[in-house]
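These are the residues of each chain, in order.
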Amino acid sequence: MIISVASGKGGTGKTTVAVNLALSINDNVQFLDCDAEEPNAHIFLKPEIKKTAKVFIPVPKIDEAKCAYCGRCREVCVYNAIAVIPPSAGRKGKTLFFPNLCHGCGSCSYFCPEGAIKEVNREIGEIETGYAGSIEFAHGRLNIGEAMAPPVIREIKKHIKTECTVIIDAPPGTSCPVVETLKRSDYCVLVTEPTPFGLNDLMLAVEVLRKLKIPFGVVINRADLGDEKTDLYCDKENIPILMRIPFKKEIAMAYSKGEPIVMAFPEYKKEFIKLYEDIAGQVQ
Ligand code: SF4
Ligand code: SF4
């Protein structure tokens, strides 16, 4: 079973829920941190990293000696990663490539009528894998200045072992990296907090999950702060509220020290086990 933990925005306690859920399930657990822009689950799980692998995407290398400046590559690039300046009034033409916009889709080399484009690898990040106790762990990290998280996320997800219970910590927000992360999930836990901003972002995340047709439920963090509107929304939309985590100074203190709740306060373990059982009950 693949369980993703997501939130419409950062800072809602998504990693806390993912980490404590993984630590509460007995064994055969895999944890993937797909927040490639800012992975932080390792701070809590403290995995021993055994392997590191670079992530590359194929990008075009244009041979200007062969290029006829026809502009076909620019036309087919939906990401505007290529500009073509045709020759004029005795001036040579020029093709310009903007690597940070390139998604490595291969269209430009495929459609170039002159065979002037070949693909070369460009490193965009790395994947680290290892173990946190009995939990198999993997996370990825984009290189500084890189913006293309989905290829790194796809690489992390290649490590999925379907025979395990897989817990995936998703990136915050509702954009491409989140969609890439959520694909293939059997269930998604949406972590929110009961504030107007939290509710707004929860509603956006709900829309994404409904489009992806992935079953989901909500965990309300800092549940005793804020208002009733999140409860009313979930009730109206028939969304199960799976768990409420209270705002407690001791939880915040443990978090700030990088200590998972269930390690600092083992009495919380049964709540996370119940969360897992509720999810399993909804997936079967
Ligand atoms: S498609 Fe090929 S020939 Fe045409 S502008 Fe691009 S690189 Fe040059
Ligand atoms: S590989 Fe795709 S995204 Fe990159 S420049 Fe070519 S067409 Fe654009």
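Residues numbered from 1 in each chain as written. Chains lettered and ligands numbered in written order. Predicted model: local features only at pLDDT ≥ 70, side-chain atom pairs only at ≥ 80, totals over all residues. Heavy atoms only, no water.

## A word on unusual backbone geometry
Condition: Note on classification: 1.4 Å probe, protein chains only; a residue is buried when its accessible area is under 20% of the maximum for its type, exposed when over 50%, partly exposed between these limits. Strands here are runs of E lasting at least two residues and helices are runs of H or I lasting at least four, both read from the DSSP assignment and numbered beginning at the N terminus.
Residues other than glycine seldom take positive phi values, yet K213 does so here, at roughly 60°. Under the relative-accessibility criterion, K213 is labelled exposed at 73%. Located in the positive-phi region is R222, a residue other than glycine, with phi close to 50°. Within the secondary structure, R222 sits in the loop between β10 (216-221) and α8 (229-237).

## Structural notes on the pairing of strand β2 (residues 29-33)
Just so we agree on the cut-off: Paired strands are those between which DSSP finds at least two bridges.
β2 sits mainly inside the fold: 5 of its 5 residues count as buried. Along β2, one buried face is formed by V29, F31 and D33 and the opposite face, lined by Q30 and L32, is buried too. Bridge analysis of β2 against strand β7 (residues 135-142) gives 4 bridges, and the strand direction is parallel. Looking at the pairing, L32 lines up with A138 of β7.

## As for the packing of helix α1 (residues 14-24) against helix α11 (residues 269-283)
The test is simple: Throughout, an axis means a line fitted to C-alpha atoms (over the contacting stretch in the case of helices), and angles, computed between N-to-C directions, take values from 0 to 180 degrees. Small angles under 35 degrees read as roughly parallel and large ones over 145 as roughly antiparallel, with 65 to 115 read as roughly perpendicular and the rest as oblique. Two residues qualify as a contact provided that any one of their heavy atoms is within 4.5 Å of a heavy atom in the partner residue. Polarity classes work like this: nonpolar for Ala, Val, Leu, Ile, Met, Phe, Trp, Tyr, Cys and Pro, charged for Asp, Glu, Lys and Arg, and polar for all others, with Gly in that last group.
Between α1 and α11, the least distance of the axes is 9 Å, while the angle of their chain directions is 90°. Judged on the interaxial angle alone, α11 and α1 are roughly perpendicular. Contacts from V17, N20, L21, L23 and S24 in α1 reach K269, F272, I273, L275, Y276 and I279 in α11. Grouping the amino acids of the contact of α1 with α11 by side-chain chemistry returns 8 nonpolar, 2 polar and 1 charged.

## Things to note about the sheet that holds strand β11 (residues 241-245)
As summarised here, the arrangement of the 9 strands in space is β3-β6-β7-β2-β8-β1-β9-β10-β11, forming an open sheet in which the pairing is mixed. Two strands bound the open sheet, and with one partner strand each, they are β3 (48-62) and β11. Between one strand and the next, the sheet's axes are offset by a mean angle of 20°, whatever the strand orientation. Relative to β11, β10 is paired through 4 bridges, and the arrangement is parallel.

## Looking at a nonpolar patch on the surface
Defined as follows: Residues with no salt bridge and a relative accessible area higher than 30% make up the patches, which join like charges within 9 Å and nonpolar side chains (Val, Leu, Ile, Met, Phe, Trp, Tyr) within 5 Å. What sets the accessible areas is the Shrake-Rupley method with a 1.4 Å probe; for residues, cover comes only from the shown protein chains. Any carboxyl oxygen of Asp or Glu that lies within 4 Å of a side-chain nitrogen of Lys or Arg is treated as forming a salt bridge with it.
Where nonpolar side chains cluster on the molecular surface, the patch consists of V78, Y79, I85, L96, F98 and L101 and spans about 520 Å² of accessible area. By the element assignment, V78 lies in the loop between α3 (72-76) and β4 (82-85). A relative accessible area of 65% means that V78 is categorised as exposed.

## So, the site of ligand 1
The criterion, for reference: One heavy atom within 4 Å of a molecule or strand makes the whole residue count as near it.
Close to ligand 1 lie I62, C67, A68, Y69, C70, G71, R72, C73, C112, P113, E114 and I117. In the shell around ligand 1, the residues fall into 9 nonpolar, 1 polar and 2 charged.

## Brief notes about the packing of helix α7 (residues 196-212) against α8
The angle between the axes and the distance between the axes are what describe a pair of packed helices. As a reminder, the rule being used: Note on convention: the crossing is left-handed when the near helix lies turned anticlockwise from the far helix by less than a right angle, right-handed when the turn is clockwise.
Running from N to C, α7 and α8 cross one another at 25°; their axes reach a closest spacing of 10 Å. Considering their axes alone, α7 and α8 lie roughly parallel with respect to each other. α8 is crossed by α7, and the crossing has right-handed handedness. Contacts from L199, L202, M203, V206 and R210 in α7 reach K229, T230, Y233, C234 and E237 in α8.

## Overview of the packing of aromatic side chains
For clarity, the threshold we go by: Stacked, edge-to-face and tilted labels apply to pairs of Phe, Tyr and Trp rings (six-membered ring for Trp) whose centres lie within 6.5 Å, assigned for plane angles under 30 degrees, over 60, and everything in between, in that order. Our definition puts a charge over a ring when NZ of Lys or CZ of Arg is within 6 Å of the ring centre and also within 35 degrees of the ring normal.
Here the structure, examined in full by the defined rule, presents 4 aromatic pairs. Geometrically, the ring pair formed by F31 and F137 is stacked, given 6.1 Å between the ring centres and 5° between the ring planes. Separated by 106 residues along the polypeptide, F31 in strand β2 and F137 in strand β7 bring together distant segments of the chain. F137 carries the same exposure label as F31, and that label is buried. Above the ring of F111, the side-chain terminus of R72 is found at 5.0 Å from the ring centroid.

## Focus on the pattern of salt bridges
Counted under the stated rule, the structure contains 18 salt bridges. Residue E128 pairs with R141 through a salt bridge whose shortest N-O separation is 3.7 Å. Note that E128 is positioned in strand β6 (residues 117-132) and R141 in strand β7, a separation of 13 residues in sequence. Its relative accessible area of 32% is what places R141 among the partly exposed residues. Between R222 and E193 there is a salt bridge, with the nearest N and O atoms lying 2.4 Å from each other. In this pair, R222 sits in the loop between β10 and α8 while E193 sits in the loop between β9 (187-192) and α7, placing the two residues 29 residues apart along the sequence. Among the residues examined, E193 registers a relative accessible area of 12% and is labelled buried. A single network of salt bridges, built from pairs that share partners, joins K54, E123 and E126.

## Here's the deal with the environment of K94
Tracing the sequence through the fold places K94 in strand β5 (residues 94-97). Given a relative accessible area of 41%, K94 falls into the partly exposed group. For the pair K94 and Y69, spaced 25 residues apart in sequence, the C-alpha separation works out to 7.4 Å. In contact with K94, other than residues within four places in its own chain, are E64, Y69, A83, V84 and I85.

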